[in-house]
Amino acid sequence: MTAPYLCPNCKTNKTRFNLIEQHVKSVKLDPQTGVVIQEINQSSLDPFHIAYKGPAYRVQCGACGLIEDERTFIKRAELHK
Ligand SMILES: [Zn+2]
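Residues numbered from 1 in each chain as written. Predicted model: local features only at pLDDT ≥ 70, side-chain atom pairs only at ≥ 80, totals over all residues. Heavy atoms only, no water.

Counting across every chain of the model gives 3 aromatic pairs. An angle of 85° between the planes, with centres 5.1 Å apart, marks the rings of Tyr5 and Phe17 as edge-to-face. Residue Tyr5 is found in the segment before strand E1 (17-21), and its partner Phe17 is found in strand E1; the two are separated by 12 residues along the sequence. Their ring planes at 40° and their centres at 6.0 Å tell us that Tyr5 and Phe73 sit as a pair that is tilted. One end of the pair, Tyr5, is in the segment before E1; the other, Phe73, is in helix H1 (residues 70-79), with 68 residues separating them in the sequence. Under the relative-accessibility criterion, Phe73 is labelled buried at 0%. Here the aromatic cluster, defined as three or more aromatic residues joined through ring pairs, consists of Tyr5, Phe17 and Phe73. (Phe/Tyr/Trp six-rings, centres within 6.5 Å; stacked < 30°, edge-to-face > 60°. Helix = DSSP H or I, 4+ residues; strand = E, 2+ residues; numbered from the N terminus. Buried < 20%, exposed > 50% of the residue type's maximum accessible area, 1.4 Å probe, protein only.)

Coordination sphere of the zinc ion, protein contribution only: Cys7 (SG), Cys10 (SG), Cys61 (SG) and Cys64 (SG), at 2.3 to 2.4 Å. One can describe the donor arrangement at the zinc ion as tetrahedral, given that its 4 donor atoms subtend angles of 106 to 121° at the metal. Each donor residue of the zinc ion lies on one chain, and together they are spaced C-x2-C-x50-C-x2-C. (Donors = N, O, S within 2.8 Å, 3.2 Å for Na, K, Ca; no water. Tetrahedral: all angles 85-135°; square planar, octahedral: opposite > 155°, others 65-115°.)

What follows is the structure, given as structure tokens:
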């Protein structure tokens, strides 16, 4: 996180944000009940299970509450330089 942020919704907040860390937990569910039958280590996923490759965290604007990916806030700040 080394670039300035600007909220694309309220367009005023550049300073107050909540960073929401995303901790990935891969699981196998029972198809009938939805109960977790196995938690799987990222390195031992089977070939049919796609590993999470999304952002490590999302960002919430501390002024209006909008939640988006970090790049959305960075892009808006770049447009308003
Ligand atoms: Zn906002």
